[in-house]
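Descriptive structure summary
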Amino acid sequence: MIAVNWTPEAERTFLQNLEYLSYRWNNKVISDFINKVDDALQIIASNPKAFPSHNSTLNIHKCVVTSQITVYYRIVNDYTIDLLTFWNNYQNPDKLKL
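Since the model is a prediction, treat every value here as computed from it, not as a measurement.

1. Overview of the overall build of the protein
Tallying secondary structure elements over the protein gives two helices and five strands in all. A globule of 98 residues ought to have a C-alpha radius of gyration of about 13 Å, and the protein, at 13 Å, matches this closely. Overall, the protein is about 40 × 30 × 20 Å in size when its C-alpha atoms are taken along their principal axes. Across the 98 residues in the protein, those meeting the buried criterion constitute 38%. Within the protein, residue pairs in contact and separated by at least 24 positions form 38% of the contacts whose partners lie at least 6 positions apart. Just so you have it, the protein exposes about 6400 Å², and 51% of that area is on carbon and sulfur atoms. Side-chain charges of the protein comprise 9 positive and 9 negative groups, with the mean position of each set lying 8 Å from the other.

The following block contains the structure:
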């Protein structure tokens, strides 16, 4: 299995999304989001190229977790994936810096 590393930015944005959900929604919505993230990470770990390329030069791919959130990740090598950010799709895409 491939190692999935969380960058500080991925940790920060994941927690930021959880905080937003806890403020605006209930525990079921939070649990559903966490389960969707877990499912996506299992697919990424077993088949990193399952999701579309965002930047082929940098080996960055994107996985839409929910209609609101996309996780961007880098395939470092055959054994390692770096999660880069959990991006809120309602943000200005010009602000996405990977």
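2. As for the packing of aromatic side chains
Summed over all chains, the structure comprises four aromatic pairs. Consider the rings of Phe14 and Phe33, whose centres lie 5.9 Å apart with planes at 25°: the pair is stacked. Here the residue Phe14 occupies a position in helix H1 (residues 8-24), and Phe33 occupies one in helix H2 (residues 27-46), the gap between them amounting to 19 residues. Residue Phe33 is classed as buried on the basis of its relative accessible area, which comes to 5%.

Cut-offs used in this document
Residues numbered from 1 in each chain as written. Predicted model: local features only at pLDDT ≥ 70, side-chain atom pairs only at ≥ 80, totals over all residues. Heavy atoms only, no water. Helix = DSSP H or I, 4+ residues; strand = E, 2+ residues; numbered from the N terminus. Rg over C-alpha atoms; globule rule 2.2 N^0.38 Å. Buried < 20%, exposed > 50% of the residue type's maximum accessible area, 1.4 Å probe, protein only. Contact = heavy atoms within 4.5 Å. Areas by Shrake-Rupley, 256 points an atom, 1.4 Å probe, with all protein chains shown as cover. Lys, Arg positive; Asp, Glu negative; His and termini not counted. Charge placed at Lys NZ, Arg CZ, Asp CG, Glu CD. Phe/Tyr/Trp six-rings, centres within 6.5 Å; stacked < 30°, edge-to-face > 60°.

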